[in-house]
Amino acid sequence: MKKTIALLPGDGIGKEVVDVTVEILKAIAEHFHHQFQFNYGLIGGDAIDQKGNPLPEETITTCKKSDAIILGAVGGPKWDQNPVELRPERGLLALRKELDLYANLRPIKTFDSLLDSSPLKKEYVNGVDFVIVRELTGGLYFGKPSERIVHEGEEAVVDTLLYKRYEIERILVSAFEIASKRRKHVTSVDKANVLESSRVWREVAEEVAARYPDVTLEHMLVDNAAMQLIRSPKQFDVIVTENMFGDILSDEASMITGSLGMLSSASLSSSGLHLYEPVHGSAPDIAGKNIANPIATILSAAAMLRQSFGLEEEAKAIEKAVDNVLNSGKRTADLSEDGNAISTKQIGEEIKNALADDHAILNIMEAYS
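Residues numbered from 1 in each chain as written. Predicted model: local features only at pLDDT ≥ 70, side-chain atom pairs only at ≥ 80, totals over all residues. Heavy atoms only, no water.

The name recorded for the protein in an unreviewed UniProt entry is 3-isopropylmalate dehydrogenase, from Metabacillus sediminilitoris. According to UniProt, the comment filed for the protein under the heading Sequence similarities (unreviewed entry) is "Belongs to the isocitrate and isopropylmalate dehydrogenases family. LeuB type 1 subfamily." (UniProt positions renumbered as here; feature names shortened; annotations may be inferred.)

Draft legend 1. Quick peek at the layout of surface pockets. Of the voids in this model, the largest pocket is the one considered here, and its volume is about 890 Å³. Residue lining of the largest pocket: 24 residues in total, with Pro-107, Val-131, Ser-264, Arg-306 and Glu-319 positioned closest to the centre. Ranked by residues supplied to the lining of the largest pocket, first place goes to helix α10 (residues 295-307) with four residues. Mapped onto the domain boundaries, the lining of the largest pocket takes at least three residues apiece from domain 1 (1-111 + 262-368) and domain 2 (127-257). (1 Å grid on protein atoms, 1.4 Å probe; cavity = no way out; pocket = protein on both sides within 12 Å on 5 of 7 lines; lining within 4 Å. Points joined across faces, edges and corners; volume = space filled by probe spheres on them. Helix = DSSP H or I, 4+ residues; strand = E, 2+ residues; numbered from the N terminus. Domains from an automatic or database assignment.)

Draft legend 2. Expanded view of the pairing of strand β6 (residues 147-151). Across five bridges, the pairing between β6 and strand β7 (residues 154-158) is antiparallel. Looking at the pairing, Arg-148 lines up with Val-157 of β7. (Pairing = 2+ DSSP bridges.)

Draft legend 3. Inspection of the packing of aromatic side chains at higher detail. Taken as a whole and assessed by the stated rule, the structure comprises four aromatic pairs. Note that Lys-97 overlies the ring of Phe-142, its terminal NZ or CZ placed 4.7 Å from the centroid. (Phe/Tyr/Trp six-rings, centres within 6.5 Å; stacked < 30°, edge-to-face > 60°. Lys NZ or Arg CZ within 6 Å of the ring centre and 35° of its normal.)

Draft legend 4. Region of the structure containing the pattern of salt bridges. Per the counting criterion, the structure on display carries 23 salt bridges. Between Arg-170 and Asp-100 there is a salt bridge whose closest N-O contact spans 2.9 Å. Note that Arg-170 is positioned in helix α6 (residues 165-180) and Asp-100 in the loop between α4 (88-99) and β4 (101-109), a separation of 70 residues in sequence. Take Arg-170: its relative accessible area is 17%, and that puts it in the buried class. Judged by its relative accessible area of 24%, Asp-100 is partly exposed. Across the pair Glu-312 and Lys-316 runs a salt bridge, and its minimum N-O distance is 3.8 Å. Residue Glu-312 and its partner Lys-316 are located together in helix α11 (residues 312-327), separated by four residues, close to a single helical turn. Taken together, the shared-partner salt bridges connect Asp-129, Arg-182, Arg-183 and Asp-237 into one network. (Salt bridge = Lys/Arg side-chain N within 4 Å of Asp/Glu carboxyl O. Buried < 20%, exposed > 50% of the residue type's maximum accessible area, 1.4 Å probe, protein only.)

Draft legend 5. Empty space enclosed by the protein, seen in detail. Inspection of the entire model under this criterion finds one cavity of 30 Å³ or more. Estimated volume of the largest cavity: approximately 60 Å³. Surrounding the largest cavity, Leu-161, Tyr-163, Val-189, Asp-190, Leu-195, Ser-197, Ser-198, Trp-201, Glu-242 and Phe-245 form its lining. Going through the elements one at a time, β8 (185-190) and α7 (196-209) are the ones with two or more residues in the lining of the largest cavity.

Draft legend 6. Region of interest: the environment of Tyr-102. Mapped onto the elements, Tyr-102 comes out in strand β4. For Tyr-102, a relative accessible area of 13% puts it in the buried group. Sequence-wise, Tyr-102 and Ser-267 are 165 residues apart; in three dimensions their C-alpha atoms are separated by 6.9 Å. Setting aside residues up to four positions removed in sequence, Tyr-102 forms contacts with Arg-134, Glu-135, Leu-136, Thr-137, Arg-170, Ile-171, Ser-174, Leu-268, Ser-269 and Ser-270. (Contact = heavy atoms within 4.5 Å.)

Draft legend 7. Structural view of the packing of helix α1 (residues 14-32) against α11. α11 packs onto α1 with a crossing angle of 130 degrees between their chain directions and a minimal axis gap of 11 Å. Looking at the two axes, α1 sits oblique to α11. Of the two possible hands of crossing, α1 and α11 adopt the one that is right-handed. Note on element contacts: α11 touches α1 through Glu-313, Glu-314, Ala-317 and Ile-318, opposite Ile-24, Ile-28 and Phe-32. Here the residues of the contact of α1 with α11 sort into five nonpolar, no polar and two charged. (Axes fitted to C-alpha atoms, helices over the stretch in contact; angles between N-to-C directions. Parallel < 35°, antiparallel > 145°, perpendicular 65-115°, else oblique. Left-handed = near helix turned anticlockwise from the far one by under 90°. Nonpolar A, V, L, I, M, F, W, Y, C, P; charged D, E, K, R; others polar.)

Draft legend 8. How the structure looks around α10. Here α10 is 13 residues long and its end C-alpha atoms lie 18 Å apart, about the 18 Å a rise of 1.5 Å per residue gives. Across the 13 residues of α10, 10 count as buried, placing the element largely inside the fold. Buried within α10 we find Ile-295, Ala-296, Thr-297, Ile-298, Leu-299, Ser-300, Ala-301, Ala-302, Met-304 and Leu-305. (Expected span 1.5 Å × (residues − 1).)

Here it is, written out as structure tokens:
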């Protein structure tokens, strides 16, 4: 298989975790006889510094000519005082809109070897396995007007929460499709006791649910959902919600696993050109120190192999290699409890070696079968 992958390392630790992930993908290509071409693009603060634009046109072109996209992270205090249009996050929001990356999938699944890393008790997190489906191209992040104004003679500010009906419907359909292949339970999160947008959201959710009679629909207010994620996370199968609620809840849910550095995500488009990225941010305080956890990005690459390329065996090989390394006790600083942490590059090498070992054993078994 020949595939072209756009790499957008971005800012902070984005470059480090993407570099390690590329090495893993090169190992997969070698072991399974594929060809991956990597084309780099600028985004975020790095793009502002080099091109004066958080999303240069050539980056959009690079993405559109690729079969999938891997993103590192964007942002940092260096650009906090920039005007709004020159903030790193503007590049990411613009890319989502340009490619219509409307569905963000964030799997929340605990690793047996990392249960002690969670701030929650083992009995609450053991066996947690759910997916947050976040609408990604509508809501407060994109509504207009979004500006500072004078209202009734006073300084004021306005943000606009705008959703078109089809935007609500398609994200709910995505959630129900995922749930139909899992445990058949959808929790739709809103604020219907206050917001008109949430009341419409509930109406559309009920309409979509009628098309999936084997899937149970539950409505939950966002404040209750935030509490239930800590109180009883194992109750969830698929959570679906609007853009801002999804942003907040998915970061909260990440702590169930013990570290933001463990969580992958996929942003899906209607065209089939999907973007894969770790949930964590650019972490400028540790950038360049070779201590960041690259596993979230590596697992995002595994999701890419499965979702975009249909390479299930290759995706499972990465996931198994990660699991084997964690079971061996190897940890980066965010997960280490005894101070014996290994570096970003070292854990990448450990995962790469685990891939090679598993693949060698597989070849021997096939030769004698």
